[in-house]
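For reference, the chains in residue letters:
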Amino acid sequence: MDSESRIPTRMGDGELVHMTRSEIRADLEAGTEAAARRAKVPPLTEDELDHLLDIYGSPARFTGVDIGTEVVLSYDGSGMKTIASRRQDLQIYEQWFGADTIELHHVDYSFKPVKAIVPFEAQEMHDVLLRVVAPVQYGAQPNLGLYSRPDGPVPNWAELLPLGQIAEARAAQEEAVPMAVKDMVYVCEAMHEAGADGVDFDTSAAAGDADFLATLLAVEEVRRRCPEMGIEVGMSGEFVLGMHGEVEYDGVRLAGLWPREQMKLAVRAGASIFGPVVNVKAGKSCAWNIARACTIVKPCARDATIPIHVNVGMGVGGVCMTKYPPVDAVSRASRACVDILKVDGL
Amino acid sequence: MQMTRGMRLPEAKAHVAEKLGVSPPDLSDPVIMNEVRETLGFGRITTFEISHPTQPVAIEAKFNIEEVLGVPVNSVRRFEARTRGCAQQNRRERTGGDAT
C-alpha cells in the first residue's frame, strides 16, 4: 500500500493532479535525462534535483525566491488595452504590478503590420514615455511567414516543402529575409527616435532558421544605427527549426541551434538581453518540464555575457499550457529558474 | 543597466547599489527603496491615500535617474532636445534676436 502522502501538483496541460514525493522526484530525474539526451548537455546535479524537489514537493499555493535574490521582471505584451488605453495599461503594469520594464506593442504583434502605422505607434511611444518611470521597450515578432503568400509577396515555402520543391522553398525564404530586415530596422529606428529605451524581437525563429537569420541581421543593423538602445531577442522554441536548412549567420548554420548557441549569435549581432525558450510537453508533469527546461537552459545561463531573461509563461519555461496559467505553477517555475539557473530576469 | 549596458544581474545590482548608497539586497527592500526613491526623486507609487504632489514623477524622475546612475535615458535626451529647441525658438521670437 502506498504510504506516501500525495502532493497537489500540475501537469503540463494545467490539470491539477496528486503525486507522491517519490513520483515527483522520478519525474524530475526523467525530465533532466530526457533533456540531456536531446540537447546533448549535462543533466542537473543531485543537489539541483533535490532543490527542485523541495519546490515541487511543497503543497503551498505560492512560492518565491529568497529575500535578496529577486530578479528583474521584464514583460512582453504588457499594455494590452485590456482595462484602459494602452498607455494607461502600461501605467498599471508599473504602478500596480511592479513591472521592472514594460512593453508597448500593437495587438497585431508583428513588425510587418506595424510598419504601415509606425507614426501612430511612435506617437504612442512618445506619449507613454512621458508618463512612466520604468524603461519602455517596443515589442513585435519578426514573423517571417507574413512575407509569404497570401500575406506577402514571396511564394509560400510552407506549401512548397510538402511538394518536395526544396530549392524553391529555400529561395522564397532567402527572398523574404531582406524584406523583413528592412521593416524591422525601420520600426526600431522610429521607436528609438521617439525615445524608446529598447526593442524586443519576440518569438524569434518562429518560422525557422531564416526567421532567426532575419532577426540577427536586423539586430546587427539596429545596433549599428542605435548604439545605446536596449535590444532584447526573445526566442520562440528550444531549438531552431531548419525550414531552410542551410542559412548561416557569421559562418554558423542556424538550423538545430539550442539556447546556448542561439545566445552566442545574439551577442555577436549586438543584443543586450537574450530570452531562451523551452517548450512544455503538455502530457508530462510540470516537475518533468521544469527539470527539462533548466537542463537545456543551464549552459546558456552559465556562459552568457549578457543578461538572460528566461521566458516563463503559457506553455514555456515549465509553465502549463493554459490560457490562465495558475499561480502555483508560475511561481514554482519562476523560482526554479532563478535558484537553479541564476538568471538575470524573467 | 541590463538594457543599456548588457550587465548581468549581480554586476547591475552592485553598480546601482553603489550609486544609490545602499547594499545590493537593499534594492529589493520596498521599505528602504521607498525612502531612497523619495530622497533621489526617482518616482514612487502613488494612490489616493498616498500622494506625493511635489515629488518628481514619470519623465521628471527619469531625469534624476539618468543623473544619479550615469546611464543614458533615451526619453530624457529626446525631451531635452525637444524642449530646448522649442524654448530657444520662442525666446528668439519674443526678443527678436539671439535667444542666448
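Residues numbered from 1 in each chain as written. Chains lettered and ligands numbered in written order. Predicted model: local features only at pLDDT ≥ 70, side-chain atom pairs only at ≥ 80, totals over all residues.

Enquirer: Please clarify how the overall build of chain B should be interpreted in this entry.
Expert: For chain B, the count of helices and strands is five helices and zero strands. Reading the secondary structure of chain B in the N-to-C direction produces α-α-α-α-α. Classification of the 100 residues of chain B by burial places 18% in the buried group. If you take every contact in chain B between residues at least 6 apart in sequence, the share linking residues at least 24 apart comes to 16%. (Helix = DSSP H or I, 4+ residues; strand = E, 2+ residues; numbered from the N terminus. Buried ≥ 20, exposed ≤ 12 C-beta atoms within 10 Å, placed from the backbone. Contact = placed C-beta atoms within 7 Å.)

Enquirer: What am I meant to see in the overall build of chain A here?
Expert: Looking only at helices and strands, chain A has eleven helices and nine strands in total. The C-alpha radius of gyration computed for chain A amounts to 21 Å, which stays within 12% of the reference 20 Å derived for 346 residues, consistent with globular compactness. Expressed along its principal axes, the backbone C-alpha trace of chain A runs to roughly 65 × 55 × 35 Å. The buried share among the 346 residues of chain A stands at 54%. (Rg over C-alpha atoms; globule rule 2.2 N^0.38 Å.)

Enquirer: Honestly, the interface of chain B and chain A in this entry has me stumped. Any pointers?
Expert: How big an interface is tends to be stated in terms of the accessible area lost upon association of its parts. Counting residues at the interface gives 20 residues for chain B, matched by 24 residues for chain A. When contributions to the side of chain B that touches chain A are tallied by element, the ones reaching two or more residues are α1 (2–5), α4 (58–69) and α5 (74–95) of chain B. The leading source of residues in the side of chain B that touches chain A is α4(B), at four residues. Partitioned by chemical class, the residues of the side of chain B that touches chain A number ten nonpolar, seven polar and three charged. (Nonpolar A, V, L, I, M, F, W, Y, C, P; charged D, E, K, R; others polar.)

Enquirer: Explain the packing of helix α1 (residues 21–39) of chain A against helix α2 (residues 46–56) of chain A to me, please; I cannot follow it from the model alone.
Expert: To describe two helices that pack against each other, one gives the angle between their axes and the distance between the axes. All names here are of chain A. The contact between α1 and α2 brings their axes to 10 Å, and the two run at 130 degrees. The pairing of α1 with α2 is recorded here as oblique in orientation. As for how α1 packs across α2, the hand of that crossing is right-handed. Every residue of α2 that contacts α1 at R21, I24, R25, L28, E29 and T32 is listed here: L49, L52, L53 and Y56. Residues belonging to the contact of α1 with α2 are distributed by class as follows: six nonpolar, one polar and three charged. (Axes fitted to C-alpha atoms, helices over the stretch in contact; angles between N-to-C directions. Parallel < 35°, antiparallel > 145°, perpendicular 65-115°, else oblique. Left-handed = near helix turned anticlockwise from the far one by under 90°.)

Enquirer: Help me understand the confidence of the model for chain B in this model?
Expert: Interpretation of the predicted coordinates at a detailed level should be avoided for regions scoring low in pLDDT. With 88% of its residues at a pLDDT of 70 or more, chain B shows a mean pLDDT of 87. In the predicted complex, the global pTM is 0.92; the interface-specific ipTM is 0.86. (pLDDT = per-residue confidence, 0-100.)

Enquirer: It is not clear to me how the environment of A:A206 should be interpreted in this structure. Could you clarify?
Expert: Residue and element names in this part refer to chain A. Turning to its location among the elements, A206 is positioned in the loop between β5 (198–204) and α8 (209–225). For A206 and P142, which are 64 residues apart along the polypeptide, the C-alpha to C-alpha distance reads 8.2 Å. Ignoring sequence-local partners within four residues, the contact set of A206 consists of Q141, N143, D211 and S236.

Enquirer: Would you take a moment to explain the nonpolar core for this structure?
Expert: Among soluble globular proteins, nonpolar side chains are generally buried collectively. All names here are of chain A. Counting 120 residues, the largest nonpolar core has M125, V219, C294 and C337 as the members making the most contacts within it. Ranked by the residues each element gives to this core, the list is headed by helix α7 (residues 166–194), at twelve residues. Filtering out sequence-adjacent residues up to four positions away, V219 remains in contact with F201, I231, V233, A266, A269, G270 and A271. (Core = buried A, V, L, I, M, F, W, Y, C linked by C-beta atoms within 7 Å.)

Enquirer: Please explain the sheet that holds strand β9 (residues 273–275) of chain A as it appears in this structure.
Expert: Hydrogen bonds between backbone atoms are what pair the strands of a sheet, whose relative direction is either parallel or antiparallel. Residue and element names in this part refer to chain A. If you walk across this open sheet you meet the five strands as β3-β4-β5-β6-β9, and the pairing is parallel. Pairing within the sheet leaves two strands with one partner each, and these edge strands are β3 (102–110) and β9. In this sheet, neighbouring strand axes are inclined to one another by 20 degrees on average, regardless of whether the strands run parallel or antiparallel. Direction of pairing for strand β6 (residues 230–235) relative to β9: parallel, over a ladder of three bridges. Directly across from G234, in β9, lies its bridge partner G275. (Pairing = 2+ DSSP bridges.)

Enquirer: How should I be thinking about unusual backbone geometry in this particular structure?
Expert: Residues apart from glycine generally show negative phi values, whereas peptide bonds are mostly found in trans. All names here are of chain A. Between R149 and the following residue, P150, the backbone shows a cis peptide bond with an omega angle of 10 degrees. Looking at where P150 falls in the secondary structure, it is placed in the loop between β4 (136–141) and α6 (157–160). Here K40, not a glycine, exhibits a phi torsion of approximately 55 degrees, which is positive. Within the secondary structure, K40 is located in the loop between α1 and α2. Looking at K40, the number of C-beta atoms within 10 Å reads 9, which means it is exposed.

Enquirer: Got a minute to help me understand the packing of α8(A) against helix α9 (residues 259–269) of chain A in this structure?
Expert: Residues and elements named next belong to chain A. Running from N to C, α8 and α9 point in directions that differ by 30 degrees, and their axes come no closer than 8 Å. It follows that α8 is roughly parallel to α9 by the angle criterion. Residue-level inspection shows L216, V219 and E220 of α8 in contact with α9, the latter providing L265, A266 and A269. Taken together, the residues of the contact of α8 with α9 break down into five nonpolar, no polar and one charged.

Enquirer: How do you make sense of the pairing of β6(A) when you look at a structure like this?
Expert: Regular strands place their side chains on alternate faces of the sheet. Residue and element names in this part refer to chain A. Among the six residues in β6, six count as buried, and that is most of the element. Residues G230, E232 and G234 line one face of β6 and the alternating positions I231, V233 and M235 line the opposite face, and both faces are buried. Handedness of the crossover is the feature at issue here: the chain leaves β5, passes through α8, returns alongside β6, and the resulting connection is right-handed. (Right-handed = clockwise from strand over helix to strand, strands pointing away.)

Enquirer: Hey, could you run me through α1(A) in this one?
Expert: Along an α-helix, residues three or four positions apart point the same way, because every turn accommodates 3.6 residues. Residues and elements named next belong to chain A. Taking 1.5 Å of rise per residue, the 19 residues of α1 would be expected to cover 27 Å, and the 27 Å separating its terminal C-alpha atoms lies within 8% of that figure. Residues of α1 that are buried make contact with β1 (6–10), β2 (16–20), α2 and α10 (286–303). Looking at the residues trailing α1, positive phi occurs at K40, about 55 degrees. (Expected span 1.5 Å × (residues − 1).)

Enquirer: Which parts of the structure should I look at to understand helix α11 (residues 327–341) of chain A?
Expert: Residues and elements named next belong to chain A. Relative to the 21 Å expected for 15 residues at 1.5 Å per residue, α11 spans 20 Å between its end C-alpha atoms, a close match to the ideal helical length. Most of α11 is tucked away: twelve of the 15 residues are buried. All buried positions along α11 are accounted for by D328, A329, V330, R332, A333, S334, R335, A336, C337, V338, I340 and L341. Residues of α11 that are buried in the fold lie against β1, α2 and α10. At the exit of α11 stands K342, carrying a positive phi of roughly 55 degrees.

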